[in-house]
Structures are given as C-alpha cells and as structure tokens.
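An overview of the molecular structure
Chain residues, written in single-letter form:
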Amino acid sequence: MLATERGQVMLAEAWGFYDEAVALLDKGDLREAAGRAWCASERATSALILERTGRELQCVREICVQVGFLGQESEALAAFRTRYDIQEGELYGDCFIDGHCEPEEHHAELIRGTDSYIREAERLAG
C-alpha cells in the first residue's frame, strides 16, 4: 500500500491501463496494447517517483531523468530503471509510436509482463 492517496490513485490507473492493454492484445491489436501498457508503466513509475520524492512529474522527459537519479540509489532501483528504459523504448517508442512491433511474441510478452513492472514499482515505492 502506498503512503499517499495520490500515489494510490496513480497505481489504480496503472492497473486500469494494464487491463485495457491485455484486452487489446487478446483482440489482436498489438500496437494499441503497447500504448496502453506504456501508459500503465508511466503511471506506475509516476507513483513510485511521487512516493519516493514527494514530486508529481508531468512530462515523460522529467520522469525519465528522475528514474535515472533513483537508479543511483540502489541495485533494485537500477534494475527498475533498466526495465523502464525497455518499456519506454520498445513498447512506447518502437511499437506504439513507430509501429515496429516485430517480433510480435516479444512485444506481447512485454505487454503481459507489465503487471510485474507495476508490482515492482509499488514495492519500491513503499
């Protein structure tokens, strides 16, 4: 359980986006599913940042920079930063924005694996 109400709301939003991503994936819409999985990742990451720093960031660039700073605090946060980079680069950038979703199995695995990403963000936030 996160300490702030806003963090809890963000985490609930992350789970909602994740559910949408899986539903889209099950319908065969890999590109849109990747976009929703990215939204889930961003919300979970934002909750983590809020809980650890007290700051709610609005811009993806700011979030990326802050995840980098957090990654210097521990090995667990460094590993989370690596996962964030994959979510942002492969799901958001490559698949959703650019439409390069090959191999499909890889991207589907990243989408479905977003649930563990959300859980890890919650764990690291607490």
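Right above here is the structure, for reference.
These notes cover the structure that comes with them.

What follows is about the pattern of salt bridges. Applying the stated criterion across every chain, the model contains ten salt bridges. E56 is paired through a salt bridge with R6; the nearest N and O atoms lie 3.0 Å apart. Note that E56 is positioned in the loop between α2 (30–53) and α3 (60–70) and R6 in helix α1 (residues 5–26), a separation of 50 residues in sequence. E56 gets classed as partly exposed once you look at its relative accessible area, which sits at 31%.

Turning our eyes to something else, we now look at empty space enclosed by the protein. If you walk through the whole model with that rule in mind, you get one cavity of 30 Å³ or more. Its boundaries defined by the atoms lining it, the largest cavity holds a volume of some 30 Å³. Forming the boundary of the largest cavity are L48, V67, L70, L77 and F80. Going through the elements one at a time, α3 and α4 (75–97) are the ones with two or more residues in the lining of the largest cavity. Looking at the lining of the largest cavity residue by residue, the classes come out as five nonpolar, no polar and no charged.

Rules of the game
- Residues numbered from 1 in each chain as written.
- Predicted model: local features only at pLDDT ≥ 70, side-chain atom pairs only at ≥ 80, totals over all residues.
- Heavy atoms only, no water.
- Salt bridge = Lys/Arg side-chain N within 4 Å of Asp/Glu carboxyl O.
- Helix = DSSP H or I, 4+ residues; strand = E, 2+ residues; numbered from the N terminus.
- Buried < 20%, exposed > 50% of the residue type's maximum accessible area, 1.4 Å probe, protein only.
- 1 Å grid on protein atoms, 1.4 Å probe; cavity = no way out; pocket = protein on both sides within 12 Å on 5 of 7 lines; lining within 4 Å.
- Points joined across faces, edges and corners; volume = space filled by probe spheres on them.
- Nonpolar A, V, L, I, M, F, W, Y, C, P; charged D, E, K, R; others polar.

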